[in-house]
Amino acid sequence: MMHVAIDGTAVSPDRAELATAAARCWRSARDKGEATQPRLHALLSERRCPMLAAAFDSLLNLYEQALDHPFAVGRADGLSEDEIRLAKLLGGGGSVPGCLAVREGAATALDCALCSTRILLTLAPRDLQ
């Protein structure tokens, strides 16, 4: 498998906030039994990067499977451990860490989703709202 390292600085604070907003939107839709991609698309369209909807949907589904528990979101005053780990995964250029209990095939899928999302984040407008 070929990997292209993306510098951790590629995920700026604006993009970290975007990932948190997307994760919270995704979690809310899942909890309400709604389709996640349309909700993500609406959120990300407001921020001029709707192309990230499918990437975040896939990434969050695979990440939740790797966590082996429902993805926990934080509150207005702070991030959850799951959100912090997601931001670190998006900011790093490495593969899935051993702290996530993932089977080999699932780890490969999660690693690909991380790489795809990192690439799309670098292509997103620099002045995300």
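The sections below set out a description of the structure shown in this document. Residues take numbers from 1 onward in each chain, read along the sequence in its written order. Residues qualify for local features only when their pLDDT is at least 70, as the model is predicted, and side-chain atom pairs are given and counted only at 80 or more; totals for whole chains, interfaces and linings, by contrast, use all residues. Water and hydrogen atoms were dropped before computing side-chain values, which therefore reflect all heavy atoms in the structure.

What follows covers helix α2 (residues 36-46). Because each turn of an α-helix spans 3.6 residues, side chains separated by three or four positions in sequence point in the same direction. Listing the buried residues of α2 in full gives T36, L40, L43 and L44. Down the axis, α2 shows its buried residues gathered within 90 degrees of arc, on one side only. Exposed and oriented more than 90 degrees from the buried face of α2 are P38 and E46. Exposure categories follow from relative accessible area, calculated using a 1.4 Å probe and restricted to protein chains: below 20% of the type maximum is buried, above 50% is exposed, and the middle band is partly exposed. Each helix is a run of H or I in the DSSP string that is no shorter than four residues. Each strand is a run of E no shorter than two, and both are numbered from the N terminus. As used here, the arc belongs to the directions running from the helix axis to the C-beta atoms.

Residue placement: L121 occurs in helix α5 (residues 104-123). Overall, the relative accessible area of 0% leaves L121 in the buried class. For the pair formed by L121 and L90, sequence separation is 31 residues and the distance between their alpha carbons is 9.2 Å.

The next point concerns the nonpolar core. L40, L44, L52, F56, L59, L86 and L90 are the most contacted members of the largest nonpolar core, which totals 29 residues. Those elements that provide at least two residues to this core are α1 (13-31), α2, α3 (52-67), α4 (81-91) and α5. Counting residues per element, this core draws most heavily on α3, which supplies nine residues. Buried Ala, Val, Leu, Ile, Met, Phe, Trp, Tyr and Cys residues form a nonpolar core when they are joined through side-chain atoms within 4.5 Å.

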